[in-house]
Amino acid sequence: MRKLLFLLALMLVWSAAVQTARAQSAKPFTLVLDAGHGGKDPGALGTAGKEKNINLAVALAVGRLVEQNLKDVKVIYTRKTDVFVELDERAAIANRAKANLFVSIHTNALPKGAQGRGSETYTLGMHRAADNLDVAKRENAAIMLEKDYESRYEGFDPKSAESYIIFEFMQDKNMEQSVKLATLIQQQFRAAGRIDKGVHQAGFLVLRATSMPSCLVELGYITTASEQAYLTSDRGVNELAMSIYQAIKKYKATQQ
Ligand SMILES: [Zn+2]
């Protein structure tokens, strides 16, 4: 009888241990999708389309693909509608959720007269950022629509090259993983027939404040007519979203 009780107790302890282990392994992989701009901040403007709407359409489409196909991934959106969200709040949403991955989705623009085609992906970094300062300046300029941005971003002036020098001293522990994800995204874009504009580094405020691997995608050029037509079409949105989804799926597979 005592032996039986002992066995029973052992079984109870064992099953409790198994349940705890299951609960731990079931901790979801959390993905934050950040549709750039929104509300009073339209982002880059084309002749017909606005960056904020393209970013949101693609972010929602990526999220749907993940939710339908990767059941163990929890998706959090920094916005699901046309609202203004501050840059540091976007990062804070990801940090509070202890997210595994942060993907910011944007659309590129060039000055009048210049033509550009293709997709590119950025990670945070400044060591080769002189070429990419224009993109960072444009994306960071969103903070100028925020209240008290001078004090909240510690004197950072998104338009001044000097402000970016501070980025050089930042060691990003997530750099390797971020570059891995960015490389996978570009591979998928290339496979889908997009011109591959490569993986780059630049000083994006929204990436600086995140504490997990992160990257910022520039889907294409809203200021080039053929690109704008693609970016605002269902086909374009679906193909771009599928590429980002496939890359996230492959990235996640490397984390297990
Ligand atoms: Zn943008």
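Conventions used here
Residues numbered from 1 in each chain as written. Predicted model: local features only at pLDDT ≥ 70, side-chain atom pairs only at ≥ 80, totals over all residues. Helix = DSSP H or I, 4+ residues; strand = E, 2+ residues; numbered from the N terminus. Contact = placed C-beta atoms within 7 Å. Buried ≥ 20, exposed ≤ 12 C-beta atoms within 10 Å, placed from the backbone. Pairing = 2+ DSSP bridges. Arc of directions from axis to C-beta. Expected span 1.5 Å × (residues − 1). Axes fitted to C-alpha atoms, helices over the stretch in contact; angles between N-to-C directions. Parallel < 35°, antiparallel > 145°, perpendicular 65-115°, else oblique. Left-handed = near helix turned anticlockwise from the far one by under 90°. Nonpolar A, V, L, I, M, F, W, Y, C, P; charged D, E, K, R; others polar. Core = buried A, V, L, I, M, F, W, Y, C linked by C-beta atoms within 7 Å.

Caption draft 1: Up close: the overall build of the chain. Secondary structure summary: the chain contains nine helices and six strands in total. Across the chain, contacts joining residues at least 24 apart in sequence account for 80% of those joining residues at least 6 apart.

Caption draft 2: Representation of the pairing of strand S6 (residues 214-221). The buried fraction of S6 is high, at eight of eight residues. Two strands pair when backbone bridges link them, and strand S4 (residues 119-124) and S6 are joined in this way by three bridges, in the antiparallel orientation. Its bridge partner lying in S6, Glu120 is registered against Glu218.

Caption draft 3: Focus on helix H3 (residues 87-96). Those residues of H3 that fall on the buried side of the exposure criterion are Leu87, Arg90, Ala91 and Ala94. Projection of H3 onto a plane perpendicular to its axis shows the buried side chains occupying an angular sector of 90°, all on one side. Looking at the buried positions of H3, the neighbouring elements they touch are strand S1 (29-35), strand S3 (101-108) and helix H7 (205-208). With its phi angle positive at about 50°, Lys98 sits one or two positions after the end of H3.

Caption draft 4: Quick peek at helix H2 (residues 51-69). With 19 residues, H2 should reach 27 Å at 1.5 Å per residue; the first-to-last C-alpha distance of 27 Å fits that figure. The complete set of buried residues in H2 reads Glu51, Lys52, Ile54, Asn55, Leu56, Ala57, Val58, Ala59, Ala61, Val62, Gly63 and Val66. Against the buried residues of H2 lie S1, strand S2 (73-77), S3, S6, helix H8 (225-231) and helix H9 (234-253).

Caption draft 5: Looking closely at the environment of Leu110. Inspection of the secondary structure assignment puts Leu110 in the loop between S3 and S4. A tally of 15 C-beta atoms within 10 Å means that Leu110 is categorised as partly exposed. Separated by 24 residues in sequence, Leu110 and Asp134 place their C-alpha atoms 9.3 Å apart.

Caption draft 6: Representation of the packing of helix H6 (residues 175-191) against H9 in the model. Where H6 contacts H9, the two axes come as close as 8 Å, and the packing angle between them is 140°. Taken as axis vectors, H6 and H9 run oblique relative to one another. Both H6 and H9 take part in a crossing whose hand is right-handed. Every residue of H9 that contacts H6 at Lys180, Leu181, Leu184, Ile185, Gln188 and Phe189 is listed here: Ser243, Ile244, Gln246, Ala247, Lys250 and Tyr251. Residues that form the contact of H6 with H9 fall into these classes: seven nonpolar, three polar and two charged.

Caption draft 7: Representation of the nonpolar core. Core analysis: the biggest nonpolar cluster contains 59 residues, and Val58, Val62, Ile185, Phe204 and Ile244 have the highest contact counts within it. Among all residues touching Ile244, those that are not within four sequence positions of it are Val62, Val103, Ile185 and Val217.

Caption draft 8: Broad picture of the sheet that holds S4. Ordered in space as S2-S1-S3-S6-S4-S5, the six strands form an open sheet in which the pairing is mixed. Each edge of the sheet is formed by a strand with only one pairing partner; in this case those strands are S2 and strand S5 (196-202). Ignoring which end each strand starts from, the neighbouring axes of this sheet average 20° apart. Sheet topology places S1 next to S2; five bridges connect them, and they run parallel. Across the sheet, Leu31 pairs through a bridge with Val75, a residue of S2. Relative to S3, H2 is tilted by about 145°, and along the sheet it contacts S1, S2, S3 and S6.

Caption draft 9: Focus on the environment of Leu65. Along the chain, Leu65 turns up in helix H2. Along the backbone, Leu65 and Asn238 are 173 residues apart, and their C-alpha atoms lie at a distance of 9.8 Å. Once you skip the residues sitting within four places of it in the chain, Leu65 turns out to touch Ala241, Met242 and Tyr245.

Caption draft 10: A look at unusual backbone geometry. Of note, His37 is a non-glycine position whose phi angle comes to about 65°, a positive value. Its location among the elements puts His37 in the loop between S1 and H2. Phi angles above zero are rare outside glycine, and Lys98 is one such case at about 50°. Relative to the assigned elements, Lys98 resides in the loop between H3 and S3.

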